[in-house]
Amino acid sequence: MSSNETEHKLRTQRARNTHGNQLKGKTDAAGFLQIWQHFDADDNGYIEGKELDDFFRHMLEKLGPKDKITGERVQQIKKSFMSTYDLTSDGRLAIHELANMILPQDENFLLIFRREAPLDNSVEFMKIWRNYDADSSGYISAVELKGFLKDLFQHHKKNIPSRKLDEYTNTMMSIFDKNKDGRLDLNDLARILALQDNFLLQFKMDASSQDERKRDFEKIFAHYDVSKTGALEGPEVDGFVKDMMELVRPSIRGVDLDKLREVLLRHCDVNKDGKIQKSELALCLGLKLKSLAQ
């Protein structure tokens, strides 16, 4: 265990001892959902600003007499808990951070997602998407989400009763199905899996220098060519299309991605093998550099 992990573990234990671990075990998945929806008042996926003060004031009301609650006490307990549970140190609570704070270990169904390495590549994300969008509808239905959760729990050797699996599925749908149509879109699943920022955001799309454009292209292609075959195929194409389109359209649907994928292949897959070779993508992007020829 690293020194940072040890320090965080000690801080967590101290916070739990200080407050008697009084928050844990007070709610289940359904109760957690109510708390989250109440305090994430603007539905932006975080409890922050005044929402955060309101949450810690509510917490103090649950832990002791209301007449002893002051603004100073609210700030003290907020500072104490945020130093332990605000893992990203951004001054706000994401949903998994709140779950770590108030859900008991055996009820923290969101913890299962945080045991995996963070998804920093849209290719890996698209592999999951394609696998669980079983009917290729461009959406993840409640039944497909349930299958995903079941597989994830089994992967971690956790036996979840059917009743609990249904409860967790319903809770996840209630939290992440933003337009309430009973299914999850690409962006909804990205929130669940905490997909990191679009890889392409770090590059200047209007770079004019040939050397600069070549250097950027090499980094970009290497990022999406996860299989290291020298060609993008399957979810590698999906991941590239997703990130490219999100630069101009922040929220794209699964059905839109399928259409855009077809367009890219039609224009860039010169030899029609269903893949995009490195030289083909370079040509498609207007990079006529001899050094990129395969």
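Quick caveat: nothing in here was measured; it's all calculated off a predicted structure.

A look at the overall build of the protein chain
Part 1 of the reasoning: Counting its secondary structure elements, the protein chain contains 14 helices and 6 strands.
Part 2 of the reasoning: Counting over 294 residues, the protein chain shows a buried share of 45%.
Part 3 of the reasoning: Counting contacts in the protein chain only where the partners sit at least 6 residues apart, residues at least 24 apart contribute 59% of the total.
Part 4 of the reasoning: Just so you have it, the protein chain exposes about 16,100 Å², and 50% of that area is on carbon and sulfur atoms.

Quick word on the state of the cysteines
Two cysteines form a disulfide when their sulfur atoms are joined by a covalent bond.
Part 1 of the reasoning: Using the criterion set out here, one finds 1 disulfide in the structure.
Part 2 of the reasoning: Between the sulfur of Cys268 and that of Cys284 lies a disulfide, 1.9 Å long from S to S. Here the disulfide of Cys268 and Cys284 is left-handed, its torsion about the S-S bond being about -60 degrees. Placement of Cys268 in helix α13 (residues 254-268) and of Cys284 in helix α14 (residues 278-284) is noted, with a sequence separation of 16 residues between them.
Part 3 of the reasoning: Given a relative accessible area of 35%, Cys284 falls into the partly exposed group.

Quick word on the nonpolar core
Part 1 of the reasoning: Ranked by size, the top nonpolar core spans 69 residues in total, and within it Phe55, Phe56, Leu98 and Met101 carry the most contacts.
Part 2 of the reasoning: Sequence-distant contacts of Phe56, defined by excluding residues within four places in its chain, comprise Val74, Ile77, Lys78, Phe81, Met82 and Met101.

A look at the pattern of salt bridges
Part 1 of the reasoning: Under the counting rule described, the total for this entry stands at 16 salt bridges.
Part 2 of the reasoning: Two residues, Lys127 and Glu124, come together in a salt bridge whose shortest N-O distance is 3.6 Å. With Lys127 and Glu124 both in helix α7 (residues 122-132) and 3 residues apart, this pair spans about one turn of that helix.
Part 3 of the reasoning: On the basis of relative accessibility, which here comes to 39%, the residue Lys127 falls in the partly exposed class.
Part 4 of the reasoning: Where Lys164 meets Glu167, a salt bridge forms, and the shortest distance between an N and an O atom there is 3.2 Å.

Some details on empty space enclosed by the protein
Part 1 of the reasoning: Per the stated rule, a full pass over the model turns up 5 cavities of 30 Å³ or more.
Part 2 of the reasoning: For the second largest cavity, the calculated volume is near 40 Å³.
Part 3 of the reasoning: Along the lines of polarity and charge, the residues of the lining of the second largest cavity split into 2 nonpolar, 5 polar and 3 charged.

Quick word on a nonpolar patch on the surface
Part 1 of the reasoning: A grouping of Leu201, Met244, Leu247, Val248 and Leu285 is seen on the molecular surface, where their side chains present a nonpolar patch of about 440 Å² in accessible area.
Part 2 of the reasoning: Exposure remark for Leu285: the relative accessible area of 37% places this residue in the partly exposed category.

Notes on the environment of Phe203
Part 1 of the reasoning: If you trace the backbone, Phe203 turns up in the loop between α10 (186-192) and α11 (210-224).
Part 2 of the reasoning: Using a relative accessible area of 10% as the deciding quantity, one classes Phe203 as buried.
Part 3 of the reasoning: Separated by 13 residues in sequence, Phe203 and Asp216 have C-alpha atoms that sit 6.9 Å apart.
Part 4 of the reasoning: With residues near it in sequence (within four places) discarded, Phe203 still touches Asp216, Lys219 and Ile220.

Topic: the environment of Met101
Part 1 of the reasoning: In this structure, Met101 sits in helix α5 (residues 95-102).
Part 2 of the reasoning: Along the chain, Met101 and Met82 lie 19 residues apart, while their C-alpha atoms are 9.7 Å from each other.

Some thoughts on the packing of helix α8 (residues 142-155) against helix α9 (residues 162-176)
Part 1 of the reasoning: Running from N to C, α8 and α9 cross one another at 120 degrees; their axes reach a closest spacing of 9 Å. As summarised for this structure, α8 and α9 are arranged oblique, according to the angle between their axes. Viewed along their axes, α8 and α9 form a crossing whose handedness is right-handed. On α9, the residues touching Ala142, Leu145, Lys146, Leu149, Lys150 and Phe153 of α8 are Ser162, Leu165, Asp166, Tyr168, Thr169, Met172 and Met173.
Part 2 of the reasoning: Tallied by class, residues from the contact of α8 with α9 come to 8 nonpolar, 2 polar and 3 charged.

Things to note about the UniProt feature "domain: EF-hand" (unreviewed entry) in the protein chain
Part 1 of the reasoning: Per the UniProt record, the feature "domain: EF-hand" (unreviewed entry) sits at residues 27-62, 120-155, 164-199, 212-247 and 255-291.
Part 2 of the reasoning: In the segment residues 120-155, helix accounts for 69% and strand for 6%; the C-alpha atoms at its two ends are 20 Å apart.
Part 3 of the reasoning: Secondary structure over residues 212-247 splits into 69% helix and 6% strand, and the C-alpha atoms at its two ends are 20 Å apart.

Some details on the environment of Asn187
Part 1 of the reasoning: Looking at the secondary structure, you find Asn187 in helix α10.
Part 2 of the reasoning: Sequence-wise, Asn187 and Asp177 are 10 residues apart; in three dimensions their C-alpha atoms are separated by 9.6 Å.
Part 3 of the reasoning: For Asn187, the residues in contact, after removing those within four places along its chain, are Glu246, Pro250, Ser251 and Ile252.
Part 4 of the reasoning: Here the side chain of Asn187 touches Ile252 through a polar contact of 3.1 Å, landing on its backbone oxygen.

Cut-offs used in this document
- Residues numbered from 1 in each chain as written.
- Predicted model: local features only at pLDDT ≥ 70, side-chain atom pairs only at ≥ 80, totals over all residues.
- Heavy atoms only, no water.
- Helix = DSSP H or I, 4+ residues; strand = E, 2+ residues; numbered from the N terminus.
- Buried < 20%, exposed > 50% of the residue type's maximum accessible area, 1.4 Å probe, protein only.
- Contact = heavy atoms within 4.5 Å.
- Areas by Shrake-Rupley, 256 points an atom, 1.4 Å probe, with all protein chains shown as cover.
- Disulfide = S-S within 2.5 Å.
- Core = buried A, V, L, I, M, F, W, Y, C linked by side-chain atoms within 4.5 Å.
- Salt bridge = Lys/Arg side-chain N within 4 Å of Asp/Glu carboxyl O.
- 1 Å grid on protein atoms, 1.4 Å probe; cavity = no way out; pocket = protein on both sides within 12 Å on 5 of 7 lines; lining within 4 Å.
- Points joined across faces, edges and corners; volume = space filled by probe spheres on them.
- Nonpolar A, V, L, I, M, F, W, Y, C, P; charged D, E, K, R; others polar.
- Patch = residues over 30% accessible without salt bridge, like charges linked within 9 Å, V, L, I, M, F, W, Y side chains within 5 Å.
- Axes fitted to C-alpha atoms, helices over the stretch in contact; angles between N-to-C directions.
- Parallel < 35°, antiparallel > 145°, perpendicular 65-115°, else oblique.
- Left-handed = near helix turned anticlockwise from the far one by under 90°.
- UniProt positions renumbered as here; feature names shortened; annotations may be inferred.
- Polar contact = N/O pair within 3.5 Å; in protein donor to acceptor, adjacent residues only side chain to side chain.

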